[in-house]
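Coordinate analysis (summary)
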Amino acid sequence: MQRKRSIVGIVVVMSCFLASNCLAGGGHGHTLPQKVGILLVAFGSSEASAQISFENIDKAVKAAYPNIPVRWAYTSDIIRAKLAKQGKQLDSPEVALAKMQNEKFTHVALQSLHTIGGAEYHDLRRTVTGFKAMGAFQKIVLGYPLLATQEDMQASVEAVLKTIPKERQPGEAVVLMAHGTHHPSNAFYPALMFQLQLRDPNIFVGTVEGYPEVGLIKEMLLKKKIKKAYLMPFMSVAGDHAKNDMAGDENDSWKSILSDAGIQCIPVMKGTAEYDSFVAIWVKHLEGPLAHFK
Ligand code: CO
């Protein structure tokens, strides 16, 4: 944490030098012409399969805002380091913003491509606050992640209902695998399950690293005597967690745990960002920051 903060500090100072003035478009007594940019910020993934998700979002954002340049950043240090080893350079949000400042962007709309407002989202908030404090841009505004408002919850319920495989029969379950976190925002996942079950009582939401855990989901399925379940990642990408924790052959994968309990599992290897119904929610969230620039 300490290390991360000092890196942010260095980058912030560096980017001031890069832009050779720290005043938003106002250094040396002249104002820069308005230049609006979008920065899409995902957790990131080193899995090739995840690229479909990112490309899908990129396409949707560019279709919605054809005249606004789009940049990308990944919040995960680990993922960026992994990709760097493969020769792929991905920027952190701080570096991406420093570059945008250097390119004389005056207004930046950051769009979080995270699922909930958890740790990464709040780190991003602090980064935005830092760039705001140094006057790097005339305006810099951060858009909500997928699940933020009640409207988002409803839209996500609709999106989930649309993504369920058509071959699913009545009485068969859909188990969504969310990431989960120690962060208070984990509560969005059980809240989503509650709202999904109002529409379809056989849809469940579990998490890999938060609540509810797969053990509880298993108990719920057994109580309802469910014999077959579609396992779907509730993460933007079908990456490492989907491949291993959800659908892997190891004893502790969800597929193994539920199969051992007599529930036939059908994994669906698609991230939420591969479905237009979810992408539309993130794209709509960009309206928030961009409305500040008028
Ligand atoms: Co993870």
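Coordinates for the structure precede this section.
The following refers to the structure shown. (Residues numbered from 1 in each chain as written. Predicted model: local features only at pLDDT ≥ 70, side-chain atom pairs only at ≥ 80, totals over all residues. Heavy atoms only, no water.)

1. Things to note about unusual backbone geometry
A cis amide bond links Tyr 211 with the next residue in sequence, Pro 212, at an omega value of -5 degrees. As for its placement among the helices and strands, Pro 212 is situated in the loop between β6 (203-207) and α8 (214-223). Residue Lys 104 is not a glycine yet carries a positive backbone phi of 65 degrees. Overall, Lys 104 belongs to the partly exposed group, its relative accessible area being 38%. Phi is positive for Lys 225, which is not a glycine, with a value near 55 degrees. In this structure Lys 225 comes out as exposed when scored by relative accessible area, which is 67%. (Helix = DSSP H or I, 4+ residues; strand = E, 2+ residues; numbered from the N terminus. Buried < 20%, exposed > 50% of the residue type's maximum accessible area, 1.4 Å probe, protein only.)

2. Considering the sheet that holds strand β1 (residues 36-42)
Taken in spatial order, the four strands make up an open sheet running β2-β1-β3-β4, and their pairing is parallel. Looking along the sheet, the strands with just one partner apiece sit at the ends: β2 (70-74) and β4 (139-143). For this sheet the average axis-to-axis angle between neighbouring strands, irrespective of direction, equals 20 degrees. The pairing of β1 with strand β3 (residues 107-112) spans six bridges and is classified as parallel. For Ile 38, the partnering residue across the bridge sits in β3 and is Ala 109. Contacting β1 and β2, helix α2 (residues 51-64) crosses the sheet at an angle of about 150 degrees to β2. The strands touched by helix α4 (residues 93-102) are β1, β2, β3 and β4; relative to β1, the strand with the most contacts, the crossing angle is about 170 degrees. (Pairing = 2+ DSSP bridges. Axes fitted to C-alpha atoms, helices over the stretch in contact; angles between N-to-C directions. Contact = heavy atoms within 4.5 Å.)

3. Here we look at the pairing of β3
Counting buried positions along β3 yields six of six residues, so the element is predominantly enclosed. Where β3 meets β4, five bridges bridge the pair, whose relative direction is parallel. In the sheet register, Ala 109 faces β4, and the bridge partner there is Val 141. Of the crossover connections in this fold, the one passing from β3 over helix α5 (residues 119-133) to the parallel β4 is right-handed. (Right-handed = clockwise from strand over helix to strand, strands pointing away.)

4. A few points about the coordination of the cobalt ion
All of the protein donors around the cobalt ion are His 179 (NE2) and His 241 (NE2); their distances to the metal are 2.0 Å. Here His 241 lies in helix α9 (residues 240-246) and His 179 lies in the loop between β5 (173-178) and α7 (188-199), a separation of 62 residues in the sequence. A relative accessible area of 27% places His 179 in the partly exposed class. Take His 241: its relative accessible area is 19%, and that puts it in the buried class. (Donors = N, O, S within 2.8 Å, 3.2 Å for Na, K, Ca; no water.)

5. A short note on the nonpolar core
Of all hydrophobic cores here, the largest spans 67 residues; its most connected members are Ile 38, Ile 57, Trp 72, Leu 221, Phe 234 and Leu 290. Looking at which element gives the most residues to this core, the answer is β5, with six residues. Sequence-distant contacts of Leu 221, defined by excluding residues within four places in its chain, comprise Ala 173, Val 175, Phe 204, Ile 226, Leu 258 and Ile 263. Core analysis: the second largest hydrophobic core is formed by 18 residues, Leu 39, Leu 110, Met 134 and Phe 137 among them. (Core = buried A, V, L, I, M, F, W, Y, C linked by side-chain atoms within 4.5 Å.)

6. Some details on the pattern of salt bridges
Side chains that differ in charge, positive against negative, can pair when their charged atoms come close. Here the structure, examined in full by the defined rule, presents eleven salt bridges. The residue Lys 62 makes a salt bridge to Asp 58 at a minimum N-O spacing of 2.8 Å. Here Lys 62 and its partner Asp 58 are both found in helix α2, four residues apart, which amounts to about one turn of the helix. (Salt bridge = Lys/Arg side-chain N within 4 Å of Asp/Glu carboxyl O.)

7. Here we look at empty space enclosed by the protein
If you walk through the whole model with that rule in mind, you get two cavities of 30 Å³ or more. Size it by volume and the second largest cavity reaches roughly 60 Å³. Lining the second largest cavity are Val 160, Thr 163, Leu 176, Met 232, Pro 233, Phe 234, Lys 270, Thr 272, Tyr 275 and Phe 278. For the lining of the second largest cavity, the elements supplying multiple residues, two or more each, are α6 (150-163) and β7 (228-233). Taken together, the residues of the lining of the second largest cavity break down into seven nonpolar, two polar and one charged. (1 Å grid on protein atoms, 1.4 Å probe; cavity = no way out; pocket = protein on both sides within 12 Å on 5 of 7 lines; lining within 4 Å. Points joined across faces, edges and corners; volume = space filled by probe spheres on them. Nonpolar A, V, L, I, M, F, W, Y, C, P; charged D, E, K, R; others polar.)

8. Digging into α4
Within α4, seven of the ten residues are buried, leaving the element largely enclosed by the surrounding structure. Restricting attention to buried positions, one finds in α4 the residues Pro 93, Glu 94, Ala 96, Leu 97, Ala 98, Met 100 and Gln 101. Just downstream of α4, Lys 104 is the residue with a positive phi angle, here 65 degrees.

9. A closer look at the packing of α4 against α5
Running from N to C, α4 and α5 point in directions that differ by 30 degrees, and their axes come no closer than 10 Å. In terms of axis orientation, α4 runs roughly parallel to α5. For the pair α4 and α5, the sense of crossing is right-handed. For the pair formed by α4 and α5, the contact residues are Pro 93, Glu 94, Leu 97 and Ala 98 on the first element and Leu 124, Thr 127 and Phe 131 on the second. Residue composition of the contact of α4 with α5, by class: five nonpolar, one polar and one charged. (Parallel < 35°, antiparallel > 145°, perpendicular 65-115°, else oblique. Left-handed = near helix turned anticlockwise from the far one by under 90°.)

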